[in-house]
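Chain and residue survey
Letter by letter, the chains look like this.
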Amino acid sequence: MARKLLAAVALLTLGGCNFYYNDVPSPDDLMKAVPWFDHMITSRAASPYQRADIPRLTVPGTVPVTGSEGHWATGDASKLQYAFDIAVADRVTNPTRPEETLAKGDTLYHTFCSVCHGTAGAGDGAVGVKMAAPPIVSDRARAYTDGYLYSIIRYGRGVMPMYGDKVYHPADRWAIVNYVRKLQRDAAPVAAPGGAR
Ligand code: HEC
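Reference entry: report on the structure contained in this document.

1. Looking at the coordination of the iron atom of the ligand
Coordination of the iron atom of the ligand by the protein involves His117 (NE2) and Met160 (SD), with metal-donor separations of 1.9 to 2.1 Å. Considering all 6 donor atoms around the iron atom of the ligand, the spread of angles at the metal, 88 to 178 degrees, places the coordination shape in the octahedral class. Of this pair, His117 sits in helix α6 (residues 114-117) while Met160 sits in the loop between α8 (146-155) and α9 (170-186), placing them 43 residues apart in sequence. For Met160, a relative accessible area of 23% corresponds to the partly exposed category.

Laid out in structure tokens, this is it:
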């Protein structure tokens, strides 16, 4: 009888214990010690990106035929790089009809960009003046390709943070590119400050 009880307790404990959640011990382990709470933690939905058979990033040397657009950040694309392959960026083409995305671009620009680059793109946003954000209506910015603008939004550059992790839908990033072009059309040309691309 005592043995059976011991075996039952051992079974319960073993069944409920899975010491690693995403490889890091967590307070959830306490919860999981209660077997009828553990279904959540073993659910695939709890760590959907952890499976080796579903790569999150495009495998080098391959071309995605659906879904992902691939990466052209330099170095490890899963880390914050703030740099990208300019040659690839310049070849990325704008798939949108700009006039149809301006309303969305307006909202997104004023959500993510104007705080630094200013409402009209003159580089005079409240944060921008503190970190010398350049105007985006300069001759230099006008000369950038759409793909280059898209890449700056996606990956950031220099001290400008990346916004690809916040504006993660490509169509939304293009909407911002199109809105930047509109600001450039509306503004009088401004000289670019020092510093290069
Ligand atoms: C936190 C402030 C900040 C925010 C927010 C920000 N930027 Fe920037 N941006 C900068 C700084 C600083 C630079 C200069 C980076 C460098 O020196 O390489 C820059 C550079 C740029 C340039 C290149 C300008 C040039 O003359 O070379 C473009 C285009 C640009 N940003 C667009 C955007 C867009 C679009 C957004 C919104 C998604 C955005 N930025 C959000 C700070 C910011």
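The structure having been displayed, the exposition proceeds.
2. Some thoughts on the site of the ligand
The ligand sits among 21 residues. The nearest are Cys113, Cys116, His117, Tyr144 and Met160. Within the contact set of the ligand, an oxygen atom lies 2.5 Å away from a side-chain nitrogen or oxygen of Tyr144. When each cavity is represented as a set of grid points, the ligand is found to reside in the largest pocket. Mapped by element, the contributors of at least two residues to the shell around the ligand are α6, α8 and α9.

The rules behind these values
- Counting of residues starts from 1 at the beginning of each chain's written sequence and follows it residue by residue.
- Totals for whole chains, interfaces and linings use every residue, but because this is a predicted model, local features are given only for residues with pLDDT of at least 70 and side-chain atom pairs only at 80 or more, for both listing and counting.
- Excluding hydrogens and water, the side-chain values take into account all heavy atoms of the structure.
- Donor atoms: N, O and S within 2.8 Å of the metal, or within 3.2 Å for Na, K and Ca. Because water is excluded, sites can look incomplete.
- Irregular is the label for any site that misses the other tests, which are tetrahedral for four donors with all angles between 85 and 135 degrees, and square planar for four donors or octahedral for six when opposite donors exceed 155 degrees and the remaining angles lie between 65 and 115.
- Numbering goes from the N terminus for both helices and strands, where a helix is a DSSP run of H or I of at least four residues and a strand is a run of E of at least two.
- Think of it in three bands: with a 1.4 Å probe and only protein chains considered, a residue is buried below 20% of the maximum accessible area for its type, exposed above 50%, and partly exposed in between.
- The rule for a residue being near a molecule or strand is that one of its heavy atoms must lie within 4 Å of it.
- Counting of polar contacts relies on pairs of N or O atoms within 3.5 Å, with two restrictions inside protein: one atom must be capable of donating a hydrogen and the other of accepting it, and residues adjacent in sequence are counted only when both atoms are side-chain atoms.
- Here a cavity is any set of points on a 1 Å grid over the protein atoms alone where a 1.4 Å probe fits but cannot get out, and a pocket is any open set with protein on both sides within 12 Å along at least 5 of 7 lines; a residue lines the site when it has an atom within 4 Å of a point.
- Assignment of a molecule to a cavity or pocket requires that more than half of its atoms lie within 2 Å of the corresponding grid points.

Spatial relationships are all this shows, so hold off on functional conclusions.
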